[in-house]
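Chain by chain, the residues:
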Amino acid sequence: MSEPRKLEVLRAIVEDYVHSREPVGSKALVERHHLGVSSATIRNDMAVLEEEGLIAAPHTSAGRIPTDKGYRLFVDRISQVKPLSAAERRAIHSLLEGPDDIDDILERTVRLLSQLTNQVAVVQYPHSNRALVRHVEFVLLAPKQVLVVLIADTGSVGQKVIDAGSDVGNEALMLLRSRFLGSIAGTQLALLPQVLPSVVALCPPELRSLAQTLAQGLQALSDTSREERILMAGTANLARSNVDFPLSIGPVLEALEEQVVMLRLLSDMGDDPRGVTVSIGRENPYDGLAEASVVATGYGSGAKVGILGPTRMDYPTTMAAVRAVARYLSRILGG
(Lines give C-alpha, C1' and ligand atoms only; values in the text may rest on other atoms or scores of the structure.)
Protein backbone atom coordinates (compact mmCIF):
# COMPACT_ATOMS: atom_id res chain seq x y z
CA MET A 1 0.00 0.00 0.00
CA SER A 2 1.36 3.42 -0.95
CA GLU A 3 1.97 5.96 1.84
CA PRO A 4 -0.60 8.47 0.45
CA ARG A 5 -3.33 5.78 0.31
CA LYS A 6 -2.45 4.55 3.80
CA LEU A 7 -2.91 8.09 5.12
CA GLU A 8 -6.12 8.51 3.11
CA VAL A 9 -7.63 5.31 4.54
CA LEU A 10 -6.55 6.25 8.07
CA ARG A 11 -8.02 9.74 7.64
CA ALA A 12 -11.33 8.22 6.47
CA ILE A 13 -11.43 5.83 9.47
CA VAL A 14 -10.67 8.64 11.94
CA GLU A 15 -13.29 10.96 10.43
CA ASP A 16 -15.98 8.27 10.33
CA TYR A 17 -15.31 7.06 13.86
CA VAL A 18 -15.25 10.61 15.29
CA HIS A 19 -18.54 11.33 13.53
CA SER A 20 -20.40 8.07 14.25
CA ARG A 21 -18.72 6.69 17.40
CA GLU A 22 -19.11 3.27 15.71
CA PRO A 23 -16.24 0.98 14.61
CA VAL A 24 -15.61 1.45 10.89
CA GLY A 25 -15.76 -1.38 8.31
CA SER A 26 -14.33 -1.57 4.79
CA LYS A 27 -17.78 -1.57 3.15
CA ALA A 28 -18.73 1.71 4.86
CA LEU A 29 -15.42 3.31 3.81
CA VAL A 30 -15.98 2.40 0.16
CA GLU A 31 -19.56 3.73 0.26
CA ARG A 32 -18.76 7.01 2.04
CA HIS A 33 -15.35 7.94 0.65
CA HIS A 34 -14.14 8.10 -2.94
CA LEU A 35 -11.01 6.03 -2.38
CA GLY A 36 -10.94 4.63 -5.93
CA VAL A 37 -10.36 0.99 -4.89
CA SER A 38 -12.49 -2.06 -4.08
CA SER A 39 -13.78 -3.17 -0.70
CA ALA A 40 -11.34 -6.13 -0.78
CA THR A 41 -8.39 -3.77 -1.32
CA ILE A 42 -9.57 -1.57 1.57
CA ARG A 43 -9.77 -4.70 3.77
CA ASN A 44 -6.13 -5.45 2.93
CA ASP A 45 -5.18 -1.82 3.62
CA MET A 46 -6.92 -1.97 6.99
CA ALA A 47 -5.03 -5.17 7.84
CA VAL A 48 -1.75 -3.32 7.17
CA LEU A 49 -2.87 -0.37 9.33
CA GLU A 50 -3.76 -2.83 12.09
CA GLU A 51 -0.36 -4.55 11.86
CA GLU A 52 1.29 -1.14 12.24
CA GLY A 53 -0.76 -0.44 15.38
CA LEU A 54 -2.66 2.48 13.82
CA ILE A 55 -6.13 0.91 14.16
CA ALA A 56 -7.55 -1.87 16.32
CA ALA A 57 -10.65 -4.04 16.66
CA PRO A 58 -12.62 -3.35 19.83
CA HIS A 59 -13.79 -6.69 21.27
CA THR A 60 -15.08 -8.92 18.46
CA SER A 61 -16.36 -6.11 16.25
CA ALA A 62 -15.96 -6.41 12.49
CA GLY A 63 -15.06 -2.71 12.34
CA ARG A 64 -11.91 -0.91 13.43
CA ILE A 65 -11.20 2.20 15.52
CA PRO A 66 -8.09 4.40 15.60
CA THR A 67 -5.48 3.81 18.30
CA ASP A 68 -3.51 6.60 20.06
CA LYS A 69 -0.77 5.95 17.48
CA GLY A 70 -3.31 6.30 14.65
CA TYR A 71 -4.65 9.57 16.02
CA ARG A 72 -1.06 10.82 16.42
CA LEU A 73 -0.24 10.11 12.75
CA PHE A 74 -3.52 11.75 11.71
CA VAL A 75 -2.81 14.87 13.80
CA ASP A 76 0.80 15.07 12.61
CA ARG A 77 -0.40 15.07 9.01
CA ILE A 78 -2.64 18.11 9.58
CA SER A 79 -0.19 20.42 7.86
CA GLN A 80 -2.11 23.61 8.55
CA VAL A 81 -4.69 24.47 11.16
CA LYS A 82 -7.86 25.32 9.27
CA PRO A 83 -9.35 28.79 9.82
CA LEU A 84 -12.63 29.14 11.69
CA SER A 85 -15.77 30.18 9.84
CA ALA A 86 -16.76 33.86 9.76
CA ALA A 87 -19.67 33.10 12.12
CA GLU A 88 -17.35 31.43 14.65
CA ARG A 89 -14.90 34.33 14.47
CA ARG A 90 -17.73 36.82 15.04
CA ALA A 91 -18.91 34.80 18.05
CA ILE A 92 -15.43 34.89 19.59
CA HIS A 93 -15.07 38.61 18.89
CA SER A 94 -18.45 39.56 20.38
CA LEU A 95 -18.03 37.33 23.47
CA LEU A 96 -14.50 38.36 24.35
CA GLU A 97 -14.54 42.07 23.52
CA GLY A 98 -15.06 44.50 26.40
CA PRO A 99 -12.93 46.39 28.92
CA ASP A 100 -13.52 43.94 31.80
CA ASP A 101 -10.98 42.67 34.31
CA ILE A 102 -8.89 39.55 33.78
CA ASP A 103 -11.19 37.26 35.83
CA ASP A 104 -14.21 38.14 33.70
CA ILE A 105 -12.29 37.81 30.43
CA LEU A 106 -10.91 34.37 31.35
CA GLU A 107 -14.31 33.13 32.60
CA ARG A 108 -15.87 34.14 29.27
CA THR A 109 -12.94 32.51 27.44
CA VAL A 110 -13.40 29.05 28.99
CA ARG A 111 -17.20 29.19 28.56
CA LEU A 112 -16.81 30.12 24.89
CA LEU A 113 -14.14 27.50 24.16
CA SER A 114 -16.15 24.72 25.81
CA GLN A 115 -19.17 25.73 23.69
CA LEU A 116 -17.14 25.82 20.45
CA THR A 117 -15.54 22.40 21.03
CA ASN A 118 -18.03 20.55 23.29
CA GLN A 119 -15.06 19.64 25.49
CA VAL A 120 -13.71 20.79 28.86
CA ALA A 121 -11.95 24.15 28.38
CA VAL A 122 -9.00 25.13 30.58
CA VAL A 123 -7.14 28.44 30.81
CA GLN A 124 -4.08 29.22 32.87
CA TYR A 125 -3.95 32.67 34.45
CA PRO A 126 -1.22 34.85 32.88
CA HIS A 127 2.18 34.31 34.46
CA SER A 128 2.41 37.15 36.94
CA ASN A 129 6.08 36.77 37.91
CA ARG A 130 6.65 39.23 35.09
CA ALA A 131 3.53 41.26 35.88
CA LEU A 132 4.04 44.90 36.89
CA VAL A 133 2.16 47.14 39.30
CA ARG A 134 -0.14 49.39 37.26
CA HIS A 135 -2.08 51.12 40.04
CA VAL A 136 -2.60 51.21 43.79
CA GLU A 137 -5.70 52.54 45.57
CA PHE A 138 -6.54 53.00 49.26
CA VAL A 139 -10.23 53.56 50.03
CA LEU A 140 -11.51 54.52 53.50
CA LEU A 141 -14.52 52.29 54.26
CA ALA A 142 -14.89 53.16 57.96
CA PRO A 143 -12.74 55.11 60.48
CA LYS A 144 -10.48 52.08 61.04
CA GLN A 145 -11.14 50.11 57.83
CA VAL A 146 -9.26 50.55 54.55
CA LEU A 147 -9.80 48.78 51.24
CA VAL A 148 -6.41 48.12 49.59
CA VAL A 149 -6.54 47.65 45.80
CA LEU A 150 -3.63 46.39 43.68
CA ILE A 151 -3.98 46.38 39.87
CA ALA A 152 -1.37 44.65 37.67
CA ASP A 153 -0.61 45.34 34.01
CA THR A 154 -2.02 41.88 33.19
CA GLY A 155 -5.47 43.21 34.15
CA SER A 156 -5.65 41.30 37.45
CA VAL A 157 -7.29 43.24 40.28
CA GLY A 158 -6.67 42.31 43.93
CA GLN A 159 -8.68 43.74 46.82
CA LYS A 160 -8.26 43.30 50.57
CA VAL A 161 -9.97 45.01 53.51
CA ILE A 162 -7.52 45.71 56.35
CA ASP A 163 -7.94 46.86 59.93
CA ALA A 164 -5.83 50.01 60.44
CA GLY A 165 -5.86 49.62 64.22
CA SER A 166 -6.81 53.26 64.85
CA ASP A 167 -8.81 55.99 63.15
CA VAL A 168 -7.52 56.98 59.71
CA GLY A 169 -8.04 60.34 58.02
CA ASN A 170 -8.69 60.65 54.29
CA GLU A 171 -5.91 63.17 53.89
CA ALA A 172 -3.30 60.84 55.44
CA LEU A 173 -4.57 57.99 53.25
CA MET A 174 -4.26 60.08 50.07
CA LEU A 175 -0.72 61.10 51.03
CA LEU A 176 0.29 57.46 51.55
CA ARG A 177 -1.39 56.37 48.32
CA SER A 178 0.66 58.99 46.47
CA ARG A 179 3.90 57.78 48.18
CA PHE A 180 3.25 54.10 47.45
CA LEU A 181 2.10 54.64 43.88
CA GLY A 182 5.05 56.91 43.09
CA SER A 183 7.47 54.31 44.45
CA ILE A 184 6.09 50.99 43.19
CA ALA A 185 4.23 51.77 39.90
CA GLY A 186 5.99 49.75 37.18
CA THR A 187 7.65 47.43 39.72
CA GLN A 188 7.44 43.64 39.21
CA LEU A 189 5.00 42.05 41.66
CA ALA A 190 7.70 39.52 42.50
CA LEU A 191 9.98 42.33 43.73
CA LEU A 192 7.46 44.01 46.06
CA PRO A 193 8.80 42.23 49.21
CA GLN A 194 12.17 43.93 48.62
CA VAL A 195 10.75 47.35 47.65
CA LEU A 196 7.94 47.90 50.18
CA PRO A 197 10.11 48.22 53.36
CA SER A 198 12.01 51.17 51.86
CA VAL A 199 8.72 52.88 50.90
CA VAL A 200 7.50 52.54 54.51
CA ALA A 201 10.83 53.87 55.85
CA LEU A 202 10.47 57.05 53.75
CA CYS A 203 6.94 57.84 55.02
CA PRO A 204 6.45 60.55 57.74
CA PRO A 205 7.13 59.04 61.23
CA GLU A 206 3.55 59.67 62.42
CA LEU A 207 2.18 57.66 59.45
CA ARG A 208 4.72 54.85 59.49
CA SER A 209 2.58 52.39 61.47
CA LEU A 210 -0.33 52.85 59.03
CA ALA A 211 2.09 52.64 56.08
CA GLN A 212 3.42 49.32 57.43
CA THR A 213 -0.14 47.92 57.67
CA LEU A 214 -0.93 49.06 54.11
CA ALA A 215 2.35 47.54 52.86
CA GLN A 216 1.41 44.21 54.44
CA GLY A 217 -1.94 44.36 52.61
CA LEU A 218 -0.18 45.02 49.27
CA GLN A 219 2.28 42.20 49.97
CA ALA A 220 -0.58 39.75 50.65
CA LEU A 221 -2.32 40.77 47.40
CA SER A 222 0.94 40.38 45.48
CA ASP A 223 1.46 36.85 46.90
CA THR A 224 -2.10 35.85 45.99
CA SER A 225 -1.89 37.20 42.43
CA ARG A 226 1.33 35.24 41.80
CA GLU A 227 -0.19 31.89 42.73
CA GLU A 228 -0.59 29.77 39.61
CA ARG A 229 -4.26 29.24 38.89
CA ILE A 230 -6.47 27.78 36.20
CA LEU A 231 -10.11 28.21 35.27
CA MET A 232 -12.30 25.49 33.76
CA ALA A 233 -15.69 25.18 32.08
CA GLY A 234 -17.66 22.42 30.37
CA THR A 235 -17.05 19.49 32.72
CA ALA A 236 -20.61 18.39 31.92
CA ASN A 237 -19.42 17.73 28.36
CA LEU A 238 -17.31 14.86 29.75
CA ALA A 239 -20.35 13.24 31.33
CA ARG A 240 -22.03 13.27 27.91
CA SER A 241 -18.90 11.53 26.51
CA ASN A 242 -19.03 8.77 29.13
CA VAL A 243 -19.05 6.07 26.44
CA ASP A 244 -15.67 7.40 25.24
CA PHE A 245 -14.06 6.47 28.55
CA PRO A 246 -14.60 2.69 28.66
CA LEU A 247 -12.34 2.16 31.68
CA SER A 248 -13.68 4.96 33.87
CA ILE A 249 -14.38 8.66 33.69
CA GLY A 250 -13.42 8.95 37.38
CA PRO A 251 -9.64 9.39 36.90
CA VAL A 252 -10.25 12.11 34.30
CA LEU A 253 -12.52 14.05 36.66
CA GLU A 254 -9.94 13.60 39.45
CA ALA A 255 -7.21 15.05 37.21
CA LEU A 256 -9.40 18.05 36.46
CA GLU A 257 -10.02 18.58 40.17
CA GLU A 258 -6.29 18.44 40.89
CA GLN A 259 -5.24 21.88 39.68
CA VAL A 260 -1.58 20.94 40.21
CA VAL A 261 -1.93 18.08 37.69
CA MET A 262 -3.53 20.32 35.06
CA LEU A 263 -1.03 23.16 35.65
CA ARG A 264 1.91 20.78 35.26
CA LEU A 265 0.38 19.19 32.17
CA LEU A 266 -0.22 22.57 30.49
CA SER A 267 3.20 23.93 31.50
CA ASP A 268 5.01 20.83 30.19
CA MET A 269 3.32 20.87 26.79
CA GLY A 270 5.90 22.09 24.27
CA ASP A 271 5.41 24.35 21.28
CA ASP A 272 4.30 23.06 17.88
CA PRO A 273 5.23 24.84 14.61
CA ARG A 274 1.49 25.01 13.78
CA GLY A 275 0.93 26.95 17.01
CA VAL A 276 -1.19 24.25 18.68
CA THR A 277 0.15 21.27 20.68
CA VAL A 278 -1.76 17.99 20.97
CA SER A 279 -1.13 15.32 23.63
CA ILE A 280 -3.00 12.06 22.90
CA GLY A 281 -4.00 9.28 25.28
CA ARG A 282 -1.01 7.56 26.87
CA GLU A 283 1.28 10.37 25.71
CA ASN A 284 -0.11 12.25 28.73
CA PRO A 285 2.24 11.83 31.71
CA TYR A 286 -0.67 11.43 34.14
CA ASP A 287 -2.13 7.87 34.14
CA GLY A 288 -5.66 9.15 34.80
CA LEU A 289 -5.65 10.82 31.37
CA ALA A 290 -4.71 7.68 29.38
CA GLU A 291 -8.07 7.85 27.53
CA ALA A 292 -8.04 11.65 27.06
CA SER A 293 -6.44 14.14 24.71
CA VAL A 294 -5.32 17.66 25.48
CA VAL A 295 -5.12 20.39 22.82
CA ALA A 296 -3.42 23.59 23.99
CA THR A 297 -1.50 26.67 22.90
CA GLY A 298 0.13 29.67 24.52
CA TYR A 299 -1.30 33.17 24.79
CA GLY A 300 -0.01 36.46 26.11
CA SER A 301 3.32 36.01 27.88
CA GLY A 302 3.37 32.22 27.89
CA ALA A 303 0.30 31.04 29.82
CA LYS A 304 -1.71 28.25 28.15
CA VAL A 305 -5.30 27.85 27.01
CA GLY A 306 -6.76 24.60 25.72
CA ILE A 307 -9.26 21.78 26.00
CA LEU A 308 -9.40 18.28 27.41
CA GLY A 309 -11.65 15.59 25.99
CA PRO A 310 -11.77 11.96 24.83
CA THR A 311 -9.22 10.76 22.27
CA ARG A 312 -12.19 10.44 19.88
CA MET A 313 -12.48 14.13 19.02
CA ASP A 314 -12.63 16.33 15.96
CA TYR A 315 -8.96 17.37 16.07
CA PRO A 316 -8.91 19.81 13.10
CA THR A 317 -11.91 21.82 14.40
CA THR A 318 -10.71 21.72 18.00
CA MET A 319 -7.19 22.88 17.07
CA ALA A 320 -8.67 25.74 15.05
CA ALA A 321 -10.92 26.86 17.93
CA VAL A 322 -8.11 26.74 20.51
CA ARG A 323 -5.75 28.72 18.28
CA ALA A 324 -8.36 31.36 17.38
CA VAL A 325 -9.43 31.91 21.01
CA ALA A 326 -5.78 32.18 22.12
CA ARG A 327 -5.11 34.83 19.46
CA TYR A 328 -8.11 36.92 20.53
CA LEU A 329 -7.09 36.55 24.16
CA SER A 330 -3.54 37.75 23.41
CA ARG A 331 -4.94 40.73 21.52
CA ILE A 332 -7.33 41.71 24.33
CA LEU A 333 -4.65 41.40 27.01
CA GLY A 334 -2.10 43.15 24.85
CA GLY A 335 0.24 40.17 25.13
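Relevant structure appears above.
Residues numbered from 1 in each chain as written. Predicted model: local features only at pLDDT ≥ 70, side-chain atom pairs only at ≥ 80, totals over all residues. Heavy atoms only, no water.

Novice: What is the right way to look at the pattern of salt bridges in this model?
Specialist: Pairing between side chains becomes possible if they bear opposite charge and their charged atoms approach one another. Per the stated rule, a full pass over the model turns up twelve salt bridges. Note that Arg 72 and Asp 76 form a salt bridge whose closest N and O atoms lie 3.0 Å from each other. Here Arg 72 and its partner Asp 76 are both found in helix H4 (residues 68-76), four residues apart, which amounts to about one turn of the helix. On the basis of relative accessible area, Asp 76 is assigned to the partly exposed category, the value being 39%. Where salt bridges share partners, they join Glu 3, Lys 6 and Glu 52 into one cluster. (Salt bridge = Lys/Arg side-chain N within 4 Å of Asp/Glu carboxyl O. Helix = DSSP H or I, 4+ residues; strand = E, 2+ residues; numbered from the N terminus. Buried < 20%, exposed > 50% of the residue type's maximum accessible area, 1.4 Å probe, protein only.)

Novice: Teacher, can you tell me more about the environment of Arg 32 here?
Specialist: Structurally, Arg 32 can be placed in helix H2 (residues 26-32). Sequence separation of Arg 32 and Ala 12 is 20 residues, and the distance between their C-alpha atoms is 8.7 Å.

Novice: I keep staring at the nonpolar core and nothing clicks. Help me out?
Specialist: Most often, soluble globular proteins keep nonpolar side chains buried together rather than apart. Among the nonpolar cores identified, the biggest contains 54 residues, and Leu 29 and Tyr 315 are the most heavily contacted of them. By residue number, the principal contributor to this core is helix H13 (residues 315-333), which donates ten residues. Per-domain counts for this core show at least three residues from each of domain 1 (3-77) and domain 2 (86-127 + 229-334). Once you skip the residues sitting within four places of it in the chain, Leu 29 turns out to touch Val 9, Ala 12, Ile 13, Asp 16, Val 24, Leu 35, Ile 42 and Met 46. Within the second largest apolar cluster, 30 residues are counted, among which are Ala 152, Leu 192, Leu 207 and Leu 221. (Core = buried A, V, L, I, M, F, W, Y, C linked by side-chain atoms within 4.5 Å. Domains from an automatic or database assignment. Contact = heavy atoms within 4.5 Å.)

Novice: Explain the sheet that holds strand E5 (residues 145-152) here, please?
Specialist: If you trace the three strands from one edge of the open sheet to the other, you get E4-E5-E6, paired in antiparallel fashion. This sheet does not close on itself; its edge strands, each paired only once, are strand E4 (133-142) and strand E6 (157-163). Taken over all neighbouring pairs, the strand axes of this sheet differ in orientation by 20° on average, direction set aside. (Pairing = 2+ DSSP bridges. Axes fitted to C-alpha atoms, helices over the stretch in contact; angles between N-to-C directions.)

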